[in-house]
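Here is how the chains run, residue by residue.
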Amino acid sequence: MTEYVTVESTQGVLTLTLARPEKMNALTNAMYGRLADAIAGAESDPSVRAIVIRGEGGMFTSGNDLGEFAAVAAGKADNEERHVARFLRALASSTRPLIAAVNGRAVGVGTTLLLHCDFVVLAEDALLSTPFVNLALVPEAASSLLLPARIGHVRAYEMFALGMPVSAAQALAWGIANRVVPVSDLHGEAQKVAELLASRAAGSLKLTKGLMKQGAAVAAQMDLEGAQFVERLQSPEAREAFTAFAEKRAPDFSKTAA
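Residues numbered from 1 in each chain as written. Predicted model: local features only at pLDDT ≥ 70, side-chain atom pairs only at ≥ 80, totals over all residues. Heavy atoms only, no water.

(A) A look at the environment of Asp 252. With respect to the helices, strands and loops of the structure, Asp 252 is situated in the segment after α11 (236-246). Using a relative accessible area of 39% as the deciding quantity, one classes Asp 252 as partly exposed. In this structure, the C-alpha to C-alpha distance between Asp 252 and Glu 237, residues 15 residues apart in sequence, is 8.7 Å. For Asp 252, the side chain forms a polar contact with the side chain of Ser 254, separated by 2.6 Å. (Helix = DSSP H or I, 4+ residues; strand = E, 2+ residues; numbered from the N terminus. Buried < 20%, exposed > 50% of the residue type's maximum accessible area, 1.4 Å probe, protein only. Polar contact = N/O pair within 3.5 Å; in protein donor to acceptor, adjacent residues only side chain to side chain.)

Below is the structure:
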């Protein structure tokens, strides 16, 4: 499924496009692998001076492919290497300027990955949500550390615990994004910003980004979240959540233990 992520390079800008619009750009294991390879590979490619992440069609991404989550929850997943952790590590450790261009829904990892980007451009129709608890899961991508630091505990808790979407205007006001533009201007604006960053002194940008990041704390939080996420995927609550999703009903957690 690597064809579901297109990789293009021009003017010093590497553009990664989630290209599975018929499935709302839901991320599969293979797509995570393609993204991880591209972001990590840019570290040794001096021609790449900035990276843009965007989605094809009317949605950034609906998050992880729930079919793959359900397979893990049901104990039916194959033994294929899981690439999501590699992708998140590549994001967190990238020294290149990362620019996100978000239109429509950005669900789960579609929102948490923005916390690792250096510049976030939202279209006016963008809606950000982190509905992990709705699926009986926990936050990932070190978002349980980064999101409260960015927007405050109570706002972050509401996003995690209730899973309610946050509008582009709210995200801008809360400091999740740099700017909001009309949908028609989104990709042009992201490209303009990326080319501007690509024209800056690469060494200076790399050191500046390194000074601003909390590398060790982020890595430790990713490890903690990752272990709990895997446990939660195999929990009775998660099985109920994914069964309810497949049956198009609300989950009933009243019979599962906390």
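(B) How the structure looks around the pairing of strand β3 (residues 50-55). Within β3, 5 of the 6 residues are buried, leaving the element largely enclosed by the surrounding structure. Relative to β3, strand β2 (residues 13-18) is paired through 6 bridges, and the arrangement is parallel. Residue pairing for β3: Thr 17 is matched across the bridge by Arg 54. In this fold, the crossover linking β2 to β3 by way of helix α1 (residues 29-41) has right-handed handedness. Where β3 lies against strand β4 (residues 98-102), 4 bridges are found, and the strand directions are parallel. Counterpart to Val 52 in the pairing with β4 is Ile 99. (Pairing = 2+ DSSP bridges. Right-handed = clockwise from strand over helix to strand, strands pointing away.)

(C) The layout of surface pockets, seen in detail. Estimated volume of the largest pocket: approximately 1,300 Å³. Residue lining of the largest pocket: 50 residues in total, with Asn 64, Leu 66, Phe 69, Leu 137 and Phe 229 positioned closest to the centre. The biggest single contributor to the lining of the largest pocket is helix α10 (residues 215-233), with 7 residues. Residues of the lining of the largest pocket, tallied by class, amount to 26 nonpolar, 11 polar and 13 charged. Size it by volume and the second largest pocket reaches roughly 770 Å³. Forming the walls of the second largest pocket are 35 residues, and the residues nearest its centre are Cys 117, Asp 118, Lys 209, Met 212 and Lys 213. (1 Å grid on protein atoms, 1.4 Å probe; cavity = no way out; pocket = protein on both sides within 12 Å on 5 of 7 lines; lining within 4 Å. Points joined across faces, edges and corners; volume = space filled by probe spheres on them. Nonpolar A, V, L, I, M, F, W, Y, C, P; charged D, E, K, R; others polar.)

(D) Region of interest: the packing of aromatic side chains. Following the criterion strictly, the structure yields 2 aromatic pairs and no others. For the pair Tyr 32 and Phe 87, a centre-to-centre distance of 5.6 Å together with 40° between the ring planes defines the contact as tilted. Of the two residues, Tyr 32 is situated in helix α1 and Phe 87 in helix α3 (residues 84-93); the sequence distance between them amounts to 55 residues. According to the relative accessible area criterion, Phe 87 is buried, its value standing at 1%. Pairing Phe 132 with Phe 160 gives two aromatic rings, centres 6.4 Å apart and planes at 45°, and the pair type is tilted. Note that Phe 132 is positioned in the loop between β7 (127-129) and α5 (143-151) and Phe 160 in helix α6 (residues 153-162), a separation of 28 residues in sequence. Residue Phe 132 shares its accessibility class with Phe 160, and that shared class is buried. (Phe/Tyr/Trp six-rings, centres within 6.5 Å; stacked < 30°, edge-to-face > 60°.)

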